[in-house]
Amino acid sequence: MKCAALITEYNPFHNGHVYHAEQARQIADADITVAIMSGQFVMRGEPAIYNKFLRTQLALSACDLVVELPAYAALSAGEYFAEMGVKVADYLNCDALVFGSESGSIKDFEHVAMQLNHIEEHPEFQTKLHEGKSYPRIIHELLDEPALLQTPNNILGLSYVQAIQHYAAHITPLTLQRHQTNHHNQTIDNQTFASGSAIRKALKNNDASFETVVPSSVKHLYTSPQLTLDEVFPYLKFTLLRASLEELREMHTVSEGFEYRLKEKIQSAHNFNQLMQLLKTKRYTYTRIQRMLMNCLLNFKQANKQNEIDAVRILGMNEKGQAYLKQLKKDFPDRHFITNVNKATASYFEPEIKATEIYNALSGQTADDFNTPVIRVQSQ
């Protein structure tokens, strides 16, 4: 069975994701589509609008198998996010990885990825890195043709291609050109497609306009957001006030002395937006700061970051996904494909279990990694 991987967040799932899954199956000539999905917290540096179990149900309206991206990767910048996503795809023996981009040309990605691999080995790259310059800034300074790096999905796509070249050369990278709507559009002005940002805003405002841009078969599952940054803020403030500078310095993605800024600015912040305004600098994007904050909230320490995949958490499947999983277990008897977490398997997923426990404590949700069995649906 030929398998196409999609590295996703589905925050929340919408018609653009359905299109992605359908086209991925077609251009990869795949029998199976696997969604490698962020769990309770996402790359934007915020809690997912719905927990991973509900988002799995939504995703199975178009995908055959849904597995969890490691939680540390979900709250990381593009390079590590892509690396771990590709390693999960490799662990699942996927044949292709299909991602959306503004470019739509895989040859462009492969060409620039090769350039970047050479640049990263150059002494000047390391010099600029030690100077404290960000990865994107260094690349813009050293790359001959940085045009591909002007848009967010292109940048992430490039990280996927680089990761494939480094860690899983047997996987074929493929890309689909994004259409209809911009990644950050805040309004729903199309009857079929809308950005995740616009849909989250509509759901938060109880605006029914989202109903035309999500799959009709699962439309009834879309409710008010389960957890927002405003609700997280009091607990985040407590975390930052309680922690010592040394503890904050150990947190995943906290670097370059930013722990001092966190301790200073939290004193006078009264809500999340105000905190972000106080923390923002030219050097740090909002997203980068938000990831730091969520890693502090979850007590994700840099020293505990994993670099290899020892097991994969299976969140949901249809009959096709179940058949593929059965084949994987036969072909790779030493690999761990975990459908139900228990005492014997919990050690593989400690960060993910912790993220769920904290998500539930803040949101009042009760579905967790132990009481929620793998989600099964009928194939479409």
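Before reading further, recall that the structure is shown in the block above.
Residues numbered from 1 in each chain as written. Predicted model: local features only at pLDDT ≥ 70, side-chain atom pairs only at ≥ 80, totals over all residues. Heavy atoms only, no water.

1. Comments concerning the environment of Phe99
Then comes step 1: With respect to the helices and strands, the residue Phe99 is situated in strand S6 (residues 96-101).
Then comes step 2: For the pair formed by Phe99 and Leu245, sequence separation is 146 residues and the distance between their alpha carbons is 39 Å. (Helix = DSSP H or I, 4+ residues; strand = E, 2+ residues; numbered from the N terminus.)

2. Section: the nonpolar core
Then comes step 1: Formed by 87 residues in total, the largest nonpolar core has its most connected members in Ile36, Val67, Leu92, Leu236, Leu293, Met294 and Ile314.
Then comes step 2: With 8 residues, helix H4 (residues 78-91) is the largest single contributor of residues to this core.
Then comes step 3: Discounting residues that sit within four places of it in the chain, Ile36 has contacts with Ala5, Leu6, Ile7, Thr8, Val67, Leu69, Gly85, Val88 and Ala89.
Then comes step 4: In terms of nonpolar packing, the next biggest core, distinct from the first, is built from 37 residues, Ala4, Phe13, Val18 and Ala59 among them. (Core = buried A, V, L, I, M, F, W, Y, C linked by side-chain atoms within 4.5 Å. Buried < 20%, exposed > 50% of the residue type's maximum accessible area, 1.4 Å probe, protein only. Contact = heavy atoms within 4.5 Å.)

3. Some thoughts on the side chain of Ser101
Then comes step 1: Position of Ser101 relative to the elements: it lies in strand S6.
Then comes step 2: At a separation of 2.9 Å, a polar atom in the side chain of Ser101 contacts the main-chain amide nitrogen of Gly104.
Then comes step 3: Those residues in contact with Ser101 that lie beyond four places of it in its chain are Phe109, Asn153, Asn154, Thr175, Leu176, Gln177 and Arg178. (Polar contact = N/O pair within 3.5 Å; in protein donor to acceptor, adjacent residues only side chain to side chain.)

4. A closer look at the packing of aromatic side chains
Then comes step 1: What the rule picks out here adds up to 11 aromatic pairs.
Then comes step 2: Put simply, the rings of Tyr50, Phe210 and Tyr222 pair up and form one aromatic cluster.
Then comes step 3: The positively charged end of Lys87 is found above the aromatic ring belonging to Tyr167, 4.3 Å away from the centroid.
Then comes step 4: The ring of Tyr80 is capped by Lys305, whose NZ or CZ atom sits 4.5 Å from the centre of that ring. (Phe/Tyr/Trp six-rings, centres within 6.5 Å; stacked < 30°, edge-to-face > 60°. Lys NZ or Arg CZ within 6 Å of the ring centre and 35° of its normal.)

5. Brief notes about helix H10 (residues 229-242)
Then comes step 1: Here H10 is 14 residues long and its end C-alpha atoms lie 19 Å apart, about the 20 Å a rise of 1.5 Å per residue gives.
Then comes step 2: The sharpest bend along H10 comes to roughly 30 degrees, located at Tyr235.
Then comes step 3: Residues of H10 that are buried: Leu229, Val232, Phe233, Leu236, Lys237, Thr239 and Leu240.
Then comes step 4: Residues of H10 that are buried make contact with strand S4 (46-47), helix H11 (245-249), helix H12 (258-265), helix H13 (272-279), helix H14 (286-298) and helix H16 (350-363). (Expected span 1.5 Å × (residues − 1). Bend = angle between axes of the 7 residues up to and from the residue.)

6. Digging into the packing of H10 against H14
Then comes step 1: For the pair H10 and H14, interaxial distance at closest approach is 9 Å and the crossing angle is 65 degrees. The angle between H10 and H14 places the two elements in the roughly perpendicular class. Seen from above, H10 lies across H14 with left-handed handedness. Counting all contacts with H10, which are made through Leu229, Val232, Tyr235, Leu236, Thr239 and Leu240, the residues of H14 involved are Gln290, Leu293, Met294, Cys296 and Leu297.
Then comes step 2: Partitioning the contact of H10 with H14 into residue classes produces 9 nonpolar, 2 polar and no charged. (Axes fitted to C-alpha atoms, helices over the stretch in contact; angles between N-to-C directions. Parallel < 35°, antiparallel > 145°, perpendicular 65-115°, else oblique. Left-handed = near helix turned anticlockwise from the far one by under 90°. Nonpolar A, V, L, I, M, F, W, Y, C, P; charged D, E, K, R; others polar.)

7. What to know about the pattern of salt bridges
Then comes step 1: Applying the stated criterion across every chain yields a total of 16 salt bridges.
Then comes step 2: Where Arg283 meets Glu256, a salt bridge forms, and the shortest distance between an N and an O atom there is 3.4 Å. Of the two residues, Arg283 is situated in the loop between H13 and H14 and Glu256 in the loop between H11 and H12; the sequence distance between them amounts to 27 residues.
Then comes step 3: The exposure class assigned to Glu256 is partly exposed, which follows from its relative accessible area of 43%.
Then comes step 4: Between Glu256 and Arg288 there is a salt bridge, with the nearest N and O atoms lying 4.0 Å from each other. Of this pair, Glu256 sits in the loop between H11 and H12 while Arg288 sits in helix H14, placing them 32 residues apart in sequence.
Then comes step 5: Because the salt bridges share partners, they merge into one network encompassing Lys52, Glu68, Arg313 and Asp369. (Salt bridge = Lys/Arg side-chain N within 4 Å of Asp/Glu carboxyl O.)

8. So, the pairing of strand S8 (residues 312-317)
Then comes step 1: Within S8, 6 of the 6 residues are buried, which leaves it mostly tucked inside the rest of the structure.
Then comes step 2: Summarising the sheet, strand S5 (residues 65-68) and S8 pair through 3 bridges and their orientation is antiparallel. Across the sheet, Val67 pairs through a bridge with Ile314, a residue of S8.
Then comes step 3: Summarising the sheet, S8 and strand S9 (residues 337-338) pair through 2 bridges and their orientation is parallel. Within S9, the residue paired with Val312 across the bridge is Phe337.
Then comes step 4: After leaving S8, the chain enters helix H15 (residues 319-331) and then returns to the sheet as S9, a path that is right-handed.
Then comes step 5: Here 2 bridges tie S8 to strand S10 (residues 375-376), and the two strands are oriented parallel to one another. (Pairing = 2+ DSSP bridges. Right-handed = clockwise from strand over helix to strand, strands pointing away.)

By themselves these figures say nothing about function.
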